[in-house]
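Residue-level structural notes
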Amino acid sequence: MAPPPSPQPLGSKERSLFTQVVKNYENKQYKKGLKAADQILRKSPDHGDTIAMKALIINSQGNTDEAFALAKVALKLSMKSHVCWHVYGLLYRSAKNFEEAIKAYKFALRLEPESQQIQKDLALLQIQMRDYQGYVQSRRAILQQRTSWRQNWTALAIAQHLAGDLVDAERTLTTFEETLKGVPPKTDIEHAEAVLYKNSIIAEMGETERALEHLDAAAKNNPDRTSVMELRAKYLLTLGRKEEAAKAYRVLLARNPEYRAYFEGLQSALEIEKSDVKASKDLYSDYAKQNPRGDAARRIPLDFLEGDDFREAADQYLQHMLHKGIPSTFANIKALYPDTAKKDAILQLVEGYAVGKARPLANGSAEKQSNGDKDLFEPSVRYFLAQHYNYHLSRDLNKAMKYIDEAIESAPESVDYHMTKARIWKHYGAAKKAAEMMEMARTLDARDRYINTKAAKYHLRNNDNEAAIQNMSKFTRNEAHGGPLGDLHDMQCVWYITEDGESYLRQGKLGLALKRLTSISSIFEIWQEDQFDFHSFSLRKGQIRAYIEMVRWEDSLREHPFFSRAAISAAEIYVKLYDQPNLAHGSLSNGVNGDKMDSAERKKAEKKARKEREKQEKAEAEKKDGKKAAVDQNGEPKKEDKDPKGGLLLQTSEPLVEAMKFINPLLEFSPRNIQAQQAGFEVFIRRKKFLLALRTLVASHALSPSNPITHEQIFRFQQTLSKLSEPLPPKAMEVINAEFHTLLPASTDLAKHNNEFLRQHHDSASHVQACLKVRQLIDPSTTEKNQQDVIRTLALEGSSLEDAVRGLELLEEGKADPKYKNDYLAAAHERWPEASAFEKKAD
Amino acid sequence: MAEPQPSSVQEGMDPEGPPAPASAEDRKAAAAMSSLETRGGDEEAEAKKSNNKQIDQEELGKAISRLELADKAGKVAAGETTKKEKEKEEREKRAKVKVDQGDVSLLVEELDLNKVKATELLKAHEGDAVRAMRAFVTAKA
C-alpha cells in the first residue's frame, strides 16, 4: 500500500539547495533552512530527505509533535532512505526515547553501512544505554573504518573492558602499541594515559605481579607521578614484598605527610599489628618530629591509644590546638566520642584547662609573640566545651549555652562562636532564635559565603523562605532567568532546593514542595545526561581512567543521599494527596481544618482561594510582561515555566503513579535504606500491590527487626489483607501465606504480640508510639486510652524532641480531643520550653 | 566568590579547557546529517598527528587482522569457550521451559514487571509462578 520508495533524483540546483539546507541546520539558521527546504519541495514535493530535514529543523525550533508527524511522512515517502531513518532516530534521541532511537539508527545503518556519522551516533547511544555488547560491535566497525586513530583503538578497549572482557581489552591496547615505532615522547599525554589505563586493566584481572612489571617497565617516566607511586606501593604490598612497600610508602609520605591512607599502607607494610601500641606510637612520633606543623601524625595515635597513654597524647594535642585557637579542633576530635572512656578523658582535660590547669607549652610563649595576637587559649577552651555539650553524644544544652556565652564575651566579633550559639538554639528546638542568631553571625562577616549559606539554611528551617532567598541572592546572579531562585536551579544548588522543598512540606504548601523535590529529580536526570558529552570528549582528550570512573559513578548516581531524601519526601506528599485529595486545591491545604468544614463552607472557601490565586497570578503575569524574555547560554529563548507554584503537580489525577517515579529508583539504588523501604510500603499498599508491599516489609525487617515503623506496617499489612473485598489470585495468596508468616505467624494473637513488643521497648518513645498506633488499629475502642498514653511518652527519659513532635502529629492525625492535645502541648512545653513546636498557638 | 564576578567571566568551565563548548559543539555535530557531512578540520589534524607518530598504515592493517585472530584464539585459551558454552546451555535449558501466559500476566500485574522480565523470572524458576514470586519477594537487598 505504501508508494514504491523510488529514489527521487533531484536536479542539480535542488541538490545544491539541499546541501544548503543541511548547512543551515548545522549553523542553526533555521529560518533560512526552512525557506530553502520549501523551495525544493515546490519542485519535488515528495522528496523524503528534504521533508526529513525540515522535520529536524522544526524540532530544533521546539515543535516536537509537528516534527514527528513530518518525519513519519518523510519515512512513508522514502522508506529506504537512510537520511530519513537517521532523522527519525535523531528526533527520538532529542525526545530522550533512546531505545527507539537506537532502533532507528540501526535501520539507517543497515541502509548505509558505510556512514560514519550514523555509526558514531549509534555508538554514543549504546554506551549511554549501557548496551555493552552492541557498543563493542559498533566500536569494532568504527575502528575498521579508520585504524590510524589511536582513539578508535582505545575506544574498542574501553568497550571490551566495560563489557567485562578484560583479556580482549588488554589485547586491543597491546596490538596498537605494537604498531608504534619507538617510544612516544614524554609529552604525548594520550600515550601516557593509555599506558596507565592498560595497567589498571591488568590489575583488575588480579594479575598484580604482571601489573607491577608493566608499571616498572612502561610507566617510569609517566607524568602522573602520584598515581604511579601509589599503584606501585599498593602492588608491592599486595604481593607481600613488605620491605619495598614500606620504602615506597615512606617516599609517598615525604611528599604528603597528611594522607592517612599512606600511613595505613606503611603500617601494614611494616607489619605493625593494631594491638602493638608501642611500635605504632614510635612510628607516628617519628613523623610528628619530622613534621612539627603536621596534624595527621599527632591525631592518628588518638585513635589507637588507650588509658594514660591516650590521656597524655590527647592533652598534648588539645593544648597545642587550643593555644593556636584552631576552630576545627572539636570537629577533629569528635570522631573519638563513641568511645565513652575517651570522651570522658577529653572532657576532664578541657574542663581542667577551663579552671586554669593547663601547663604552658614549652614553645607556647614564643608562639604567642610571633603571632602577635592575644592568647586564644581561654576562649578556645570555652568554645570547645560549648561544642562538646552541644554534641549529641554528650549533650547538655544549658552548659553549652553558658560556655558559648563566655566565649562570645571575650570575642564578641567571632563568627564561629555565634554560629555555634545558633546551633545550640537549634538543638533546643527554637528554630526562630536559631535563625536570628545565625543571621547575626552572618552580619559579622557579610562577605563570607559559608556563613551566608548557613544563615539561609537556618531561615529555611524556621520556614522563612523569603529571608533565605534574600540571603542567597547576595551570592547569585540575580539577572538570571527566574531571579536568585532560577540561578540556584541553573547552578544545581541541590542542598538549597531540597531544604526549600522540605520547608514548604512542613508548612503544608505541598505544591511548592513538590515543585522543588521534582527539580531535584530533574537535576539528577541532567547529571545522567551530562555523560553524553564525555563519551566522545574523554576519548579525544585521552583521559580514559577518569572516564571509566565517571561511567561507574553514573551507574550508581541515584544512590546519593540527596536523591533518597528528595524521593522519600516526594513519595510522602503523593501519599498524602492520595489520602486527602482535597489537599490539591491550593490554599485549603495549609490546615487540618479543611475536614471540619461542611461542604457549603468548603465550597465557599475554595472559591475564595481560587479567586485569590487568580488575582495573584495575574499580578505576576503583568510583572513578567515588563521584562524581556530570558535566553539561555546558546541565545535560545528559555522555556517559560508554566507552573511555578507546582499547582499542576498537585492536581495529578494519579498521585500514586507519580510517586512510583520516585519509588522505583529509590528502591533500586538504595535498597538498604530502611526509610526508602518504608516509603515504598506506603505507596504499594495503597496501590494494592500486596506482593510488592510484602517485599518492602521483608527487606525492612531484615535491615532492622525491631524498627517501630516496620512493626506498625506489618500489622497494617495483616489488617488490610484480612479485610479485602475481593480475594487475591490464589497463587499470590500462596506467596503471602508462605512469606508473610515468617514476619507475623498466622496463629499470632495480635494484641498479645503487640503488647510483647511494647514490653520489650517500653522505654523508647518511638516504639511506644508505634504500638499505640497498632493498638488503635486492631481495637478501635482504645482511642481514649491511646491518646492518654501518648502523653505518657513525654515522660520517658530517652524521649527526644523529634519523638515528641511525632507524638503531636500522632494526636493530630487521630483527631484527638482538644483536651488531650492541650495536655500534651503543656507537658511537652514544660520539658522543652524553648522548642517552637510546642509554643502556645493562637488557636 | 565573595564578590560579584566581572561580566567577562563565563559561568561554568573555562572555554578553552574541559567539556562545555567542545562537547556542545560535538552534540551539534552529532546532530548533523550523515552522508552529506564533511568535517575536515578534525580529520586533518588527526591525520597529521598520526603522520608525526609515523604510524605505518600497512602495519595497522596487519594489526587489525592480528587482533581479530587473536580475539578468537584468546577466547579459546582463556577458557571462555567453556564458559560461554555453559551459558549457552543454561540459555537453552531456559528456552525449553514452558511458561504459562496466565502466570506471566499474573507476575506483570502483581510485581510491576514488564512481560520480558516476568517471563525471564518464570523461566529461571522452571515456570513455577509461586516459586518465582517468592524468590522475588525475598530477594536480598
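Cut-offs used in this document
- Residues numbered from 1 in each chain as written.
- Chains lettered and ligands numbered in written order.
- Predicted model: local features only at pLDDT ≥ 70, side-chain atom pairs only at ≥ 80, totals over all residues.
- Heavy atoms only, no water.
- Helix = DSSP H or I, 4+ residues; strand = E, 2+ residues; numbered from the N terminus.
- Buried < 20%, exposed > 50% of the residue type's maximum accessible area, 1.4 Å probe, protein only.
- Contact = heavy atoms within 4.5 Å.
- Salt bridge = Lys/Arg side-chain N within 4 Å of Asp/Glu carboxyl O.
- Expected span 1.5 Å × (residues − 1).
- Polar contact = N/O pair within 3.5 Å; in protein donor to acceptor, adjacent residues only side chain to side chain.
- UniProt positions renumbered as here; feature names shortened; annotations may be inferred.
- Phe/Tyr/Trp six-rings, centres within 6.5 Å; stacked < 30°, edge-to-face > 60°.
- Core = buried A, V, L, I, M, F, W, Y, C linked by side-chain atoms within 4.5 Å.

**Considering the overall build of chain B**
For chain B, the helix and strand inventory stands at seven helices and zero strands. Along chain B, from the amino end to the carboxyl end, the secondary structure elements read α-α-α-α-α-α-α. Of all 141 residues assigned to chain B, the portion counted as buried reaches 28%.

**A few points about the environment of Gln787 of chain A**
All names here are of chain A. Assignment of secondary structure puts Gln787 in helix H43 (residues 783–793). Expressed as a C-alpha distance, the spacing of Gln787 and Gly807, which sit 20 residues apart in the sequence, is 9.6 Å. Gln787 has contacts with Leu811, Gly814, Ala816, Asp817 and Tyr820, leaving out every residue within four places of it along the chain.

**Some thoughts on the pattern of salt bridges**
Residue and element names in this part refer to chain A. Applying the stated criterion across every chain yields a total of 48 salt bridges over all chains. Two residues, Lys433 and Glu834, come together in a salt bridge whose shortest N-O distance is 2.9 Å. Taken together, the positions of Lys433 in helix H26 (residues 431–444) and Glu834 in the segment after helix H45 (818–831) put the pair 401 residues apart, joining distant regions of the chain. In this structure Lys433 comes out as partly exposed when scored by relative accessible area, which is 35%. Glu834 sits in the partly exposed class, given a relative accessible area of 25%.

**Section: helix H25 (residues 415–428) of chain A**
All names here are of chain A. In this model H25 runs 20 Å from its N-terminal to its C-terminal C-alpha over 14 residues, within 8% of the 20 Å that 1.5 Å per residue would give. Summarising burial for H25: ten of the 14 residues are buried, a large majority. Among the residues making up H25, those that are buried are Val415, Tyr417, His418, Met419, Thr420, Lys421, Ala422, Ile424, Trp425 and Tyr428. If you follow the buried residues of H25, they end up packed against helix H23 (377–390), helix H24 (397–410), H26, helix H27 (449–461) and helix H44 (801–813). One side-chain oxygen of the residue at the start of H25 lies 3.4 Å from the amide nitrogen of Asp416, identifying that residue as Ser414. Positioned one or two residues after H25, Gly429 has a phi angle of 85°, which is positive.

**What about the UniProt feature "repeat: TPR" (unreviewed entry) in chain A?**
Cross-referencing UniProt, the feature "repeat: TPR" (unreviewed entry) maps to residues 82–115 of chain A in the present numbering. Secondary structure across residues 82–115 of chain A divides into 79% helix and 0% strand, with the first and last C-alpha atoms of the span separated by 9 Å.

**Here we look at the packing of aromatic side chains**
Two descriptors summarise a pair of aromatic rings, namely the distance from one centre to the other and the angle between the planes of the rings. Residue and element names in this part refer to chain A. Per the stated rule, a full pass over the model turns up 28 aromatic pairs over all chains. Pairing Tyr284 with Phe304 gives two aromatic rings, centres 5.8 Å apart and planes at 40°, and the pair type is tilted. Here Tyr284, found in helix H16 (residues 277–290), pairs with Phe304, found in helix H18 (residues 301–304); they are 20 residues apart in sequence, far enough to count as distant. Phe304 shares its class with Tyr284; the two are buried. With centroids separated by 5.0 Å and ring planes inclined at 65°, the aromatic side chains of Phe524 and Trp527 adopt a geometry described as edge-to-face.

**Examining the nonpolar core**
Membership of the largest hydrophobic core comes to 82 residues, with the highest contact counts inside it found for Leu318, Ile333, Ile346 and Phe384 of chain A. Residues contacting Phe384 of chain A, with those up to four places away along its chain left out, are Leu318, Leu322, Thr329, Phe330, Ile333, Tyr337, Ile346 and Val350 of chain A. Among the nonpolar cores identified, the runner-up in size contains 75 residues, and Phe563 and Phe681 of chain A together with Val104 and Ala118 of chain B belong to it.

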